[in-house]
Amino acid sequence: MTKRHRGGPLQGVRVVELTKVWAGPYTGKLLAFLGAEVIRVESEKSLDVTRVYGVSDINNAPGFKAVNPEKLSVQIDMKSDEGIRLLLDLVQKSDVLIENLRPGAVQRLGLDYKTIKAVKPDIVYTSMGMYGNEGPLSYQTGYAPCFAALGGISALVGYEGEPPAGMNVRYADSTFGAAAALATVAALYHRNETGRGQYVDVSAVEAMSSMIGDALMSFTLNGEIATSTGNRHPEMAPHGVYPCLDNEWICIAVRDDRAWNTLAQQLTAAPSTGAEVNLSRFTTLPQRKANEDALDHCLASWTQSQRADELVEKLQQLGIAATKSLNSIELISDVHLWAREFYREVHGPDGQSQTIVGPGWKMSRGATIENAAPNLGQHNDYIFGEVLGLTEAERRALDGSGVIR
Amino acid sequence: MAALSGVKILELAESVSGEYCGKLLADFGAEVIKIETPGVGSPTRRMGPFKVQPASAPGSKTSDARNVDVESSGLFAYLNTGKQSIELDLLQNKSILSRLLSQVDAVIDDHSLEWLSALGLHATQQQHMHSGLVVCSISNFGLEPPQDRLHAEDLNVFHSSGWGFHTPTGGDPALPPLNGAGRFLPSYEAGLEAALCISAALLAQRQTGEGQFIEISKQEVLASRVDYVLAQMVGGDMNVSQCRSAFDLSGPAGIFPCEDGFVYIWLSAPAHWQGLRQLLGDPAWMHEFPENWLEKACTPERVATCRRHLVQWLKTQGKQQAAEQAQKLGVTLVAVNNAADLVNSPQYQFREFFVGLEHPVLGNLKYPTVPYRMSETPAKPLSPAPLLGQRQTLEWQQPQTQPAQVKHND
């Protein structure tokens, strides 16, 4: 029986997390947001870098707090035999184990699937690696932007005719984590039906490739190797990001000729473009694609003298897909995201309020999300006492030898 | 055996996000029946890539809407493997819909609130009339978007999530911020999130008999994917600004040209610098840098000098060979791969990331699959996308084919 009844579809599922940095913790966060009891196993001897990077207080590390709300923390030193025994006891009372340690680390620790399966035959064991756990390149390691480069994402992002620029450096870990969460939950469904657990081996690089599946199909279908094309789209034009006043940018995507005709009326009516621009060469999509440089130039010269929010409002009223490109100030003050409680208040270990980023879903029977990330070892009493059933004397002995610090 | 064997899903979705969600669940062995507009089919059937010189084949239909063979889209083929297709005008056949709903476990939709309401499937209706059913809606900004976000494509969603304004890293403020990779990244992310939520809800449904109404907002899915940064910003722990580099990390990491393409190099720790010294053969210019400069003395001048020398060295290096050497020395250098590199990757071949399927019109093609290998229940497409209206019967008890039950008895 898990501790708190937060509801949600994964109520009653217990997850042990042996994870570092972002991708593995993100998987755990998604499962926690779905109602699972997610336990991060930590130790003073090998703290996650996000607990210590650039901060003096390991219980107040912004990066850690960002990705670990609604989790429990227990301290077990996995570099001691006694610690490993404790961990195996914990896994024996759990449903899922997630790990994203370096290649070979779980084998060295004695926590590989075979060992875990021996003590908990129906465990769902989710292993996350840059290239997955097996194969000729599985020894290689890297960080998020490496996943994006290897998986084919980076090559598709850049200005037309120029070298690839890649997505923002932060992209990849969370997508990888979401893919791992999906496979984990599917494995849980199977276990619920059949009583059988399994080993789930997730590749970060393949998670990236799965975000561009149609571009890969383009190659297997016709041998076309896609490259970066700025903001252009093969089936829409205009489709771009255009300058406005005050260094702001507007995104405009014209889906069909009808939307184009509406937009063209606006362009014609505008004093800055109406007289000198011949819009007749943009009538059909093939024409607009053939003259796209001129089309984009025409739009940019029209948008640059306007305020982005006013132009968005006007074009939306006309049924045209137009939105601002939101900077970080606008993003955290986005009224819509606050109204939908995407940003939400949770409470920290000492009762203090904290704003976190919620999940990408709303559910009619969702789990409550009200607790911030845990302090180191905040749930030692619960895990050692209620879950593992250790006596006070046993705990004192383990504490004395440093196993549970 | 497949993970979601026995699960029945009705797919009303007609765009990339919902179809991708259905595909992911079909890969797990769920029986996914797709409802398509009679004679026309899903709009994704009329989106590229198309097979060049499409072969005519029995059973292939030409759509009235845009004179495109409805069976020649590589996009549709990719998004709909393992599904079955029924032609049905839902709004005209609500009694049939009602019969279908009583037989399925979950519904995937990506239309508007008005559409869902017309079918009797919005949140309140689900709770009262179909309380045991899992219904998932995917939309750009949620089912009730604000007036200034009624119309949006994936480009708009990407730029409403923070990713757009901050792409690429180190972007030139004079140039437009960029779209994400490919045409549909926001849709794939949302489809992935939807599949996760549906799978979890199906598990709960098996245990409690209760359904769930799930609403996926693409904007929120994408914004939640940058939680590490965004939560720090909204929590007051990281600066926000109008600056295009607000999400960035400093340092010389980045994409560099090489002899046959591009590589990505990550440098952030003294160990990386020591490995690089070995890789480059201890060149003189590196002696002028402090050993710990990446962590403690990362000035713009040093970054520029380092980058210049890396560019010089890479001129004579092939991307895969350089990566192999570098990785052995602990240097985080990787190839910037394209589609051909991925199809030819020994790692992808080992893990069988691409699988071949025979489609009656498109022929035998390699399909990219999913990033997880599961020991008990391999997740793979087992049959190609259906021809429009390929399935004739509405009865679930005796389906024509059972893709979920094939093979996998290992």
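Quick caveat, the model's predicted, so the values are computed rather than measured. (Residues numbered from 1 in each chain as written. Chains lettered and ligands numbered in written order. Predicted model: local features only at pLDDT ≥ 70, side-chain atom pairs only at ≥ 80, totals over all residues. Heavy atoms only, no water.)

### Observations concerning the overall build of chain A
Now for step 1: Counting its secondary structure elements, chain A contains 18 helices and twelve strands.
Now for step 2: A total of 405 residues make up chain A; the buried ones form 63% of that total.
Now for step 3: Sequence separation of at least 24 residues holds for 69% of the intrachain contacts in chain A that already meet a minimum separation of 6.
Now for step 4: Surface exposure of chain A reaches about 14700 Å², of which carbon and sulfur atoms provide 49%.
Now for step 5: Averaging the locations of the 38 positively and 47 negatively charged side chains of chain A gives two centres separated by 5 Å. (Helix = DSSP H or I, 4+ residues; strand = E, 2+ residues; numbered from the N terminus. Buried < 20%, exposed > 50% of the residue type's maximum accessible area, 1.4 Å probe, protein only. Contact = heavy atoms within 4.5 Å. Areas by Shrake-Rupley, 256 points an atom, 1.4 Å probe, with all protein chains shown as cover. Lys, Arg positive; Asp, Glu negative; His and termini not counted. Charge placed at Lys NZ, Arg CZ, Asp CG, Glu CD.)

### Focus on the nonpolar core
Now for step 1: Core analysis: the largest hydrophobic core is formed by 153 residues, its most contacted members being A:Ile153, A:Trp361, B:Ile198, B:Ile214, B:Ile216 and B:Tyr372.
Now for step 2: Membership of the second largest hydrophobic core comes to 33 residues, among which are A:Val41, A:Leu87, A:Leu97 and A:Ala105. (Core = buried A, V, L, I, M, F, W, Y, C linked by side-chain atoms within 4.5 Å.)

### With respect to the sheet that holds strand β4 (residues 106-109) of chain B
Now for step 1: The seven strands lie next to each other as β12(A)-β6(B)-β5(B)-β4(B)-β1(B)-β2(B)-β3(B), forming an open sheet whose pairing is mixed. Only two strands of the sheet have a single neighbouring strand rather than two, namely β12 (361-363) of chain A together with β3 (83-87) of chain B. In this sheet, neighbouring strand axes are inclined to one another by 20 degrees on average, regardless of whether the strands run parallel or antiparallel.
Now for step 2: Here four bridges tie β4(B) to strand β5 (residues 134-139) of chain B, and the two strands are oriented parallel to one another. Bridged to B:Ile108 within β5(B) is B:Cys136.
Now for step 3: This element, helix α3 (residues 94-103) of chain B, spans β1 (8-11), β2 (31-36) and β4 of chain B of the sheet and lies at about 145 degrees to β1(B). (Pairing = 2+ DSSP bridges. Axes fitted to C-alpha atoms, helices over the stretch in contact; angles between N-to-C directions.)

### Re the confidence of the model for chain B
All names here are of chain B.
Now for step 1: Residues of chain B with pLDDT of at least 70 account for 92%, and the chain-wide mean is 91.
Now for step 2: Across residues 62-66 the pLDDT falls below 50, and counting only partners more than four positions away or on other chains, this stretch makes eleven contacts in the model.
Now for step 3: Confidence drops under pLDDT 50 across residues 398-410; counting only partners more than four residues distant or on other chains, this segment forms 23 contacts. (pLDDT = per-residue confidence, 0-100.)

### Section: a nonpolar patch on the surface
Residue and element names in this part refer to chain A.
Now for step 1: A cluster of nonpolar side chains, namely Val 21, Val 49, Val 52 and Tyr 53, defines an oily patch on the protein surface of about 370 Å² accessible area.
Now for step 2: Considering the arrangement of structural elements, one finds Tyr 53 in the loop between α2 (49-52) and α3 (62-67).
Now for step 3: Judged by its relative accessible area of 66%, Tyr 53 is exposed. (Patch = residues over 30% accessible without salt bridge, like charges linked within 9 Å, V, L, I, M, F, W, Y side chains within 5 Å. Salt bridge = Lys/Arg side-chain N within 4 Å of Asp/Glu carboxyl O.)

### Brief notes about the pattern of salt bridges
Once their charged atoms are close, side chains differing in charge can pair, the charge on each being opposite to the other.
Now for step 1: Within the structure shown, the criterion is met by 52 salt bridges over all chains.
Now for step 2: The shortest N-O distance in the salt bridge between B:Glu193 and B:Arg225 comes to 2.9 Å. Placement of the pair is B:Glu193 in helix α7 (residues 185-208) and B:Arg225 in the loop between α8 (218-224) and α9 (227-234), with a sequence separation of 32 residues.
Now for step 3: Here B:Arg225 falls in the buried class, since its relative accessible area comes to 0%.
Now for step 4: Connected via shared salt-bridge partners are A:Glu160, A:Arg232, A:Lys289, A:Glu292, A:Asp293 and A:Asp296.

### Description of the packing of aromatic side chains
Now for step 1: Evaluated as defined, the whole model comprises 24 aromatic pairs over all chains.
Now for step 2: Relative to B:Tyr228, the ring of A:Trp22 lies with its centre 5.3 Å away and its plane at 35 degrees, an arrangement referred to as tilted. Taken as a pair, A:Trp22 in the loop between β1 (14-18) and α1 (23-33) and B:Tyr228 in helix α9 lie in two separate chains rather than in one.
Now for step 3: In this structure A:Trp22 comes out as buried when scored by relative accessible area, which is 5%.
Now for step 4: A network of ring pairs unites the aromatic residues B:Tyr20, B:Tyr78, B:Phe184 and B:Tyr188 as a single cluster.
Now for step 5: When the ring centre of B:Phe76 is taken as origin, the NZ or CZ atom of B:Arg45, which lies over that ring, is 3.8 Å away.
Now for step 6: Above the face of the B:Phe165 ring, B:Arg244 is positioned so that its terminal group lies 5.9 Å from the ring centre. (Phe/Tyr/Trp six-rings, centres within 6.5 Å; stacked < 30°, edge-to-face > 60°. Lys NZ or Arg CZ within 6 Å of the ring centre and 35° of its normal.)

### A look at the domain arrangement of chain B
Now for step 1: Here chain B is described as being made up of domain 1 (8-224 + 350-405) and domain 2 (254-337).
Now for step 2: Between domain 1 of chain B and domain 2 of chain B, the C-alpha centre-to-centre distance is 42 Å. (Domains from an automatic or database assignment.)

### What to know about the environment of A:His297
Now for step 1: By secondary structure assignment, the location of A:His297 is in helix α13 (residues 292-303).
Now for step 2: It is 51 Å that separates the C-alpha atoms of A:His297 and A:Ala187, two residues lying 110 residues apart in sequence.

### Remarks on the environment of A:Val106
Residues and elements named next belong to chain A.
Now for step 1: Structurally, the position occupied by Val 106 is in helix α5 (residues 105-109).
Now for step 2: Classification of Val 106 as buried rests on a relative accessible area of 4%.
Now for step 3: Between the C-alpha atom of Val 106 and that of Ser 127, which follows or precedes it by 21 residues, the distance is 9.5 Å.

### Some words on the packing of helix α1 (residues 16-27) of chain B against α7(B)
Residue and element names in this part refer to chain B.
Now for step 1: Interhelical geometry of α1 versus α7 gives an angle of 45 degrees and a closest axis separation of 8 Å. Here α1 is positioned oblique relative to α7, judged by the angle of their axes. In terms of crossing hand, the pair formed by α1 and α7 is right-handed. In this structure, α1 uses Val 16, Ser 17, Tyr 20, Cys 21, Leu 24 and Leu 25 to contact α7, whose residues at the interface are Ser 187, Tyr 188, Ala 190, Gly 191, Leu 192, Ala 194, Ala 195, Ile 198 and Ser 199. (Parallel < 35°, antiparallel > 145°, perpendicular 65-115°, else oblique. Left-handed = near helix turned anticlockwise from the far one by under 90°.)

### Some words on the interface of chain B and chain A
Now for step 1: With 150 residues of chain B at the interface, the matching set in chain A holds 137 residues.
Now for step 2: Here chain B meets chain A over a buried area of about 12400 Å², counting both sides, of which 64% is carbon and sulfur.
Now for step 3: Sorting the residues of chain B by area buried against chain A places B:Leu196, B:Glu220 and B:Tyr228 first, and these three jointly supply 6% of that buried surface.
Now for step 4: As a salt-bridge pair, B:Glu376 and A:Arg196 come within 2.7 Å of each other at their nearest N and O atoms.
Now for step 5: Counting across the interface, chain B meets chain A through 65 residue pairs in polar contact (both at pLDDT 80 or more).
Now for step 6: With 16 residues, the top contributor of residues to the side of chain B that touches chain A is α7(B).
Now for step 7: Counted by class, the side of chain B that touches chain A contains 86 nonpolar, 40 polar and 24 charged residues.
Now for step 8: Direction of pairing for strand β6 (residues 198-203) of chain A relative to strand β12 (residues 372-374) of chain B: antiparallel, over a ladder of three bridges. Bridge assignment links A:Asp201 to a residue of β12(B), and that residue is B:Arg373. (Buried area = accessible area lost by both parts, 1.4 Å probe. Polar contact = N/O pair within 3.5 Å; in protein donor to acceptor, adjacent residues only side chain to side chain. Nonpolar A, V, L, I, M, F, W, Y, C, P; charged D, E, K, R; others polar.)

### Concerning the sheet that holds strand β7 (residues 239-243) of chain A
Residues and elements named next belong to chain A.
Now for step 1: As summarised here, the arrangement of the three strands in space is β7-β8-β9, forming an open sheet in which the pairing is antiparallel. Among the strands making up the open sheet, the edge pair consists of β7 and β9 (321-324). Ignoring strand direction, the axes of neighbouring strands in this sheet form an average angle of 20 degrees.
Now for step 2: As judged from the four bridges shared by strand β8 (residues 249-253) and β9, these two strands associate in the antiparallel manner. For Cys 251, the partnering residue across the bridge sits in β9 and is Thr 323.
Now for step 3: Sitting on the sheet, helix α14 (residues 308-317) is in contact with β8 and β9, with an inclination near 160 degrees to β9.

### Let's talk about unusual backbone geometry
Comment: phi is negative for the bulk of residues other than glycine, and the bulk of peptide bonds are trans.
Now for step 1: For the bond from B:Gly48 to B:Pro49, the omega torsion is 5 degrees, close enough to zero to count as cis.
Now for step 2: Relative to the helices and strands, B:Pro49 resides in the loop between β2 and α2 (74-79).
Now for step 3: The amide bond that connects B:Thr167 to the next residue, B:Pro168, takes the cis arrangement and shows omega of 0 degrees.
Now for step 4: The residue B:Pro168 is located in the loop between α6 (154-159) and α7 in this model.
Now for step 5: The phi torsion at A:Ala172 lies on the positive side, around 130 degrees, for a residue other than glycine.

### Topic: the environment of B:Val40
Now for step 1: Along the polypeptide, B:Val40 turns up in the loop between β2 and α2.
Now for step 2: On a C-alpha basis, the gap between B:Val40 and B:Leu388 in space is 8.2 Å, while along the polypeptide they are 348 residues apart.

### Focus on the side chain of A:Glu37
All names here are of chain A.
Now for step 1: The residue Glu 37 is located in strand β2 (residues 37-42) in this model.
Now for step 2: According to the relative accessible area criterion, Glu 37 is buried, its value standing at 8%.
Now for step 3: Of the polar contacts made by the side chain of Glu 37, one reaches the side chain of Arg 14; its length is 2.7 Å.

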